[in-house]
Amino acid sequence: EHCVMTDPAVPSTVTEKISFKTGCAGETCIAELNLKAAWVDLSSPYIIGSTRTASLQYDVINTGENAFLPQLNVTLPSLITLAKLPSHCKLTNLNDGLNLLCDLNNGLALKTYALTKMVLVLDMSRLEGKSFSINAEVFSTSEETNKEDNALETTVELQEFSEIEVVGKSSVSEVNLQRQSGKINVTYQIQVMNNGPSSLRDLTFALKVPLVYHKPSSADVLKIVSFNDIHINGYYNYKNLDFTWTQNNVILIPNPVEYSTQPPEVDNLYKASMDFGLLSGQSHSDPSSDDSA
């Protein structure tokens, strides 16, 4: 059997030094990247629900030597997502948000005094709370003279604002207490509409129903509504709403069969016109009665 082996007296390796033309003064390029951010179509404080998307622009300028493989790393909070994923970017899900890593300048070196831009189109439809922050950092494979201006945090204060509209309609336009005798059925429908832009949270609606009528210039008191004859039907998103009657801060129970002090869970009232039929009540009016409630 014959085996091949090297002669230990003869060199078996070759070392060659290859020089790259980097355009820098030394073997290692020293860049000076600077990162700035500005909203294209948003101002702080931002009204939640006022827009579906918002655009954040990052500007990166290099005032040093060539910056090879420049990249931008952006961390988004959990309530903000990307409406559109930019090219040359990789998205990673985090426990508390998203991480976006983007190659700048199409992967080419960013030369001295060169400027590159990156615009992020963000989905703002899930925002809530008082504020949010976006962190970003720019870097390259070159050395850096000052890393303090390579990272920044963009914070936006949040506010909620909604235009609430209440519309009421009665089945009877008017009742003449002097001429009316006996009972009359009156149906009164109320609609509460949120015209936006923000959603309503923990909405409470209070309605005062007069039971008696005090006749002007006299001591006469006329009973106009019988409390036990009032029927209520309130709903939102196909869910019945709970209600409580009170008089002088005392809870009243009309014709009690079953009563619960725990109101049902109701979703937030989102921006949608004519979607909230709060109260549809029917009462019996008896202007001829003199009893007070």
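Presented here is a report on the structure given in the accompanying data block.

Cut-off values and rules
- Residues numbered from 1 in each chain as written.
- Predicted model: local features only at pLDDT ≥ 70, side-chain atom pairs only at ≥ 80, totals over all residues.
- Heavy atoms only, no water.
- Phe/Tyr/Trp six-rings, centres within 6.5 Å; stacked < 30°, edge-to-face > 60°.
- Helix = DSSP H or I, 4+ residues; strand = E, 2+ residues; numbered from the N terminus.
- Buried < 20%, exposed > 50% of the residue type's maximum accessible area, 1.4 Å probe, protein only.
- Pairing = 2+ DSSP bridges.
- Axes fitted to C-alpha atoms, helices over the stretch in contact; angles between N-to-C directions.
- Contact = heavy atoms within 4.5 Å.

**Side note on the packing of aromatic side chains**
Then step 1. According to the stated counting rule, one finds three aromatic pairs in the structure shown.
Then step 2. Centre to centre, the rings of Trp 39 and Phe 132 are 6.3 Å apart; their planes meet at 85°, and the pair counts as edge-to-face. Within this pair, whereas Trp 39 is found in strand E2 (residues 33-39), its partner Phe 132 is found in strand E10 (residues 131-139), the two being separated by 93 residues in sequence.
Then step 3. Given a relative accessible area of 18%, Trp 39 falls into the buried group.
Then step 4. On the basis of an interplanar angle of 80° and a centroid distance of 6.4 Å, the ring pair of Phe 243 and Trp 245 is categorised as edge-to-face.
Then step 5. For Phe 243, a relative accessible area of 38% translates into the label partly exposed.
Then step 6. Judged by its relative accessible area of 14%, Trp 245 is buried.
Then step 7. Members of the aromatic cluster, each reached through a chain of ring pairs, are Phe 227, Phe 243 and Trp 245.

**Remarks on the sheet that holds strand E4 (residues 53-62)**
Then step 1. Read from one edge to the other, the open sheet built from four strands follows the order E2-E4-E9-E6, with strand pairing classed as antiparallel. Among the strands making up the open sheet, the edge pair consists of E2 and strand E6 (81-84). Taking each pair of neighbouring strands and ignoring which way they run, the sheet shows an average axis angle of 40°.
Then step 2. Across 10 bridges, the pairing between E4 and strand E9 (residues 114-123) is antiparallel.

**Thoughts on the environment of Cys 24**
Then step 1. Inspection of the secondary structure puts Cys 24 in the segment before strand E1 (30-31).
Then step 2. We classify Cys 24 as buried; its relative accessible area is 15%.
Then step 3. Along the primary structure Cys 24 and Glu 65 are separated by 41 residues, whereas in three dimensions their C-alpha atoms are 6.1 Å apart.
Then step 4. Leaving out residues up to four positions away in the same chain, Cys 24 has contacts with Cys 29, Glu 65 and Asn 66.

**Some details on unusual backbone geometry**
Then step 1. Ser 44 connects to Pro 45 through a cis peptide bond whose omega is 5°.
Then step 2. Locating Pro 45 in the fold gives a position in the loop between E2 and strand E3 (46-47).
Then step 3. One non-glycine residue, Leu 69, adopts positive backbone phi at about 50°.
Then step 4. The phi torsion at Asp 202 lies on the positive side, around 55°, for a residue other than glycine.
Then step 5. You can see Asp 202 is positioned in the loop between strand E14 (184-197) and strand E15 (212-214).

**Regarding the sheet that holds E10**
Then step 1. The six strands lie next to each other as E3-E12-E10-E5-E8-E7, forming an open sheet whose pairing is mixed. Both edges of this open sheet fall to E3 and strand E7 (89-94), since each of them pairs with a single strand only.
Then step 2. Summarising the sheet, E10 and strand E12 (residues 151-159) pair through seven bridges and their orientation is antiparallel. Looking across to E12, one finds that Phe 132 is bridged to Val 156.

Without other data, these values stay purely geometric and don't point to any function.
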